[in-house]
Structures are given as structure tokens and as C-alpha cells.
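Observations on chain architecture
Next come the chains, spelled out residue by residue.
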Amino acid sequence: MTVPVRTQSYAIGIHPLFEGATIPEGQGATFDILAVAPEGTPVAKPDLAWELVEERTTYQWYLKDGRYNYQSVTRSVPRRSGTLSIGLD
């Protein structure tokens, strides 16, 4: 059996330029972004579309068989979008 690993002719790499996994609210976050071909060489990609989404999680409590339980529901809320161009530099 053959299973394809890549479905695109390139992959996007995103590297955060801040320490840790989170940043304080209201502080800007910066990233290095690059595009690479399947063999790992950098490629230029003009006009890539991006979208920033906020994940909102709510919890629904319910009673079943005399016990309380909950179910989490996560919704994606679009916040910003745009385009960017990745060069070879």
C-alpha cells in the first residue's frame, strides 16, 4: 500500500520569535515564516493567504444516571486574515 505524505508541492514552516508557549495579552507576537520544497530547499511563495482564528471553548453540563458530567464545545472564530509573500532571503 502507498500512502502519500505530502499533498502540496511545498510546506510552510512557522517559528515563533518569542520565549515560551504564550505571550501576555495585548503584546505583539512575531514569527519567522519560510516555504520549503519536498527536498527541503527554500522556495519563494508570493501572495500566501493566512487567517488568524480564536478558539472559544464552552462547557455544557448535564446530568446522566444521577451524575453530573460536562462536554466541551470548541468553536473557531475568524479574527484577522490577509496575504504575505515569502522570499528566498
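The paragraphs below set out a description of the structure included in this document. (Residues numbered from 1 in each chain as written. Predicted model: local features only at pLDDT ≥ 70, side-chain atom pairs only at ≥ 80, totals over all residues. Heavy atoms only, no water.)

**So, unusual backbone geometry**
Note the cut-off: Helix and strand definitions here come from DSSP, where helices need a minimum of 4 consecutive H or I residues and strands a minimum of 2 consecutive E residues; each element is numbered from the N-terminal end.
For D47, which is not glycine, the phi torsion reads 55° and is therefore positive. Counting through the fold element by element, D47 comes out in strand β3 (residues 45-64). Its identity is not glycine, yet D65 carries a phi of approximately 55°, on the positive side. By the secondary structure assignment, D65 is in the loop between β3 and β4 (67-86).

**Description of the environment of A37**
To be explicit about the condition: What makes two residues a contact is simply this: any of their non-hydrogen atoms within 4.5 Å.
By the secondary structure assignment, A37 is in the loop between β2 (31-36) and β3. In the structure, A37 is positioned 25 residues away from I12 in sequence and 9.2 Å away in space, judged by C-alpha atoms. With sequence-adjacent residues up to four places away left out, A37 is seen in contact with S9 and V43.

**What about the packing of aromatic side chains?**
What counts here: Working definition: rings of Phe, Tyr and Trp (its six-membered ring) pair if their centres are within 6.5 Å, and the pair is stacked with planes under 30 degrees apart, edge-to-face with planes over 60 apart, and tilted otherwise. Relative accessibility thresholds used throughout: buried, under 20% of the residue-type maximum; exposed, over 50%; partly exposed, between the two (1.4 Å probe, protein chains only).
Tallied over the full model, the rule gives three aromatic pairs. The interplanar angle of 85° and the centroid separation of 5.6 Å between the aromatic rings of F18 and F31 together place this pair among those described as edge-to-face. Of the two residues, F18 is situated in the loop between β1 (11-16) and β2 and F31 in strand β2; the sequence distance between them amounts to 13 residues. Look at F18 and you get partly exposed, because its relative accessible area is 22%. When its relative accessible area of 40% is taken as the criterion, F31 is described as partly exposed. Plain terms: the ring middles of W61 and Y70 are 5.2 Å apart, the flat faces sit at 50° to each other, and that makes the pair tilted. Judged by relative accessible area, W61 falls into the exposed class, the value being 61%.

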